[in-house]
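Structural overview for review
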Amino acid sequence: ILNKYDPFDKPPCRGCSSYLVEPYIKCVECGPSPFLLCLQCFTRGYEYKKHQSDHKYEIMTSDFPVLEPGWTAQEEMALLEAVMDCGFGNWQDVAYQMRTKTKEECEGHYMKNFINNPLFSSTLLNLRQMEDHLSRTADTH
Ligand SMILES: [Zn+2]
Ligand SMILES: [Zn+2]
């Protein structure tokens, strides 16, 4: 009998079917079979059937802690963008741009989750910039 069970085996990304490499995203509201997304699909706000892009999620990785519940995918991205736009430390303007969170929440969340996780934030921002670049290139043709 072939025992094909492998504890390290995981389903592919639901969005693009690619093999998942860490860090990837697990929806905590969809189940029971795990709803997993790669970072690209996650940052695009991929939605499928019951799964909505504002579902709560966990970042699945052995290297990064899970981000806080109460922050949606859009809010995480919006926070990163607001900090890029307004400048690090300008929490008043960041909160104004965010609308859904206070100055203290923005600062606390950013300091806790991104300052200690430079790799995670730069991964998201790199993806974002790559997509901006690709869409600009596509527009000119
Ligand atoms: Zn994907
Ligand atoms: Zn979901």
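All values reported here derive from a predicted model rather than from experimental measurement.

If you tally the helices and strands in the protein chain, you get five helices and three strands. Shown N-terminal to C-terminal, the secondary structure of the protein chain runs as helices and strands in the order β-β-α-β-α-α-α-α. In the protein chain, of all internal contacts separated by at least 6 residues, the share reaching a separation of at least 24 is 50%.

Attention shifts here to the side chain of Lys101. Within the secondary structure, Lys101 sits in the loop between helix H3 (91–98) and helix H4 (103–115). By relative accessible area, Lys101 is classed as buried at 13%. Apart from the residues within four sequence positions on either side, Lys101 is in contact with Gly70, Trp71, Glu75, Ala95 and Cys106.

Around a metal, the idealised angle for a tetrahedral arrangement of four donor atoms is 109.5 degrees; for an octahedral arrangement of six donor atoms it is 90 or 180 degrees. Every protein donor of the zinc ion (ligand 1) is accounted for by Cys13 (SG), Cys16 (SG), Cys38 (SG) and Cys41 (SG), and the metal-donor separations fall at 2.3 Å. In this structure, the zinc ion (ligand 1) is surrounded by four donor atoms whose angles at the metal cover 105 to 112°, and the resulting shape is tetrahedral. Of note, the zinc ion (ligand 1) draws all its donor residues from one chain, in the sequence arrangement C-x2-C-x21-C-x2-C. In this pair, Cys16 sits in the segment before strand S1 (24–27) while Cys41 sits in helix H1 (residues 39–43), placing the two residues 25 residues apart along the sequence.

A few words on the coordination of the zinc ion (ligand 2). Looking at the metal site, the zinc ion (ligand 2) is ligated by Cys27 (SG), Cys30 (SG), His51 (ND1) and His55 (ND1), spaced 2.0 to 2.3 Å from it. Counting gaps between the donor residues of the zinc ion (ligand 2) yields the pattern C-x2-C-x20-H-x3-H. Look at Cys30 and you get buried, because its relative accessible area is 15%.

What follows is about the pattern of salt bridges. Opposite charge on two side chains permits pairing when their charged atoms draw close. In the structure shown here, the tally under the stated rule is one salt bridge. Among the salt bridges present, the one from Lys101 reaches Glu75, with a minimum N-O distance of 3.7 Å. Taken together, the positions of Lys101 in the loop between H3 and H4 and Glu75 in helix H2 (residues 73–86) put the pair 26 residues apart, joining distant regions of the chain.

Turning to the confidence of the model for the protein chain, a few remarks are in order. Here the protein chain shows a mean pLDDT of 78. Residues at 70 or above account for 70%. When mean pLDDT is taken per element in the protein chain, H3 scores highest with 95 and helix H5 (residues 118–139) scores lowest with 64. Residue range residues 1–7 is modelled with pLDDT below 50. Its contacts to residues more than four positions away, or to other chains, number zero contacts.

On to the environment of Cys41, then. Exposure remark for Cys41: the relative accessible area of 5% places this residue in the buried category. For the pair Cys41 and Cys16, spaced 25 residues apart in the sequence, the C-alpha separation amounts to 7.2 Å. Ignoring any residue separated from it by four or fewer positions in sequence, one finds Cys41 in contact with Cys13, Gly15, Cys16 and Tyr46.

Take the pairing of S1 next. Relative to strand S3 (residues 57–60), S1 runs antiparallel, the two being bridged by four bridges. From the neighbouring strand, Cys27 faces S3, where its bridge partner is Tyr57. Inspection of the sheet shows S1 paired to strand S2 (residues 35–37) by three bridges, in the antiparallel sense. Along S2, the bridge assignment pairs Cys27 with Phe35.

Reading the values: rules and limits
- Residues numbered from 1 in each chain as written.
- Chains lettered and ligands numbered in written order.
- Predicted model: local features only at pLDDT ≥ 70, side-chain atom pairs only at ≥ 80, totals over all residues.
- Heavy atoms only, no water.
- Helix = DSSP H or I, 4+ residues; strand = E, 2+ residues; numbered from the N terminus.
- Contact = heavy atoms within 4.5 Å.
- Buried < 20%, exposed > 50% of the residue type's maximum accessible area, 1.4 Å probe, protein only.
- Donors = N, O, S within 2.8 Å, 3.2 Å for Na, K, Ca; no water.
- Tetrahedral: all angles 85-135°; square planar, octahedral: opposite > 155°, others 65-115°.
- Salt bridge = Lys/Arg side-chain N within 4 Å of Asp/Glu carboxyl O.
- pLDDT = per-residue confidence, 0-100.
- Pairing = 2+ DSSP bridges.

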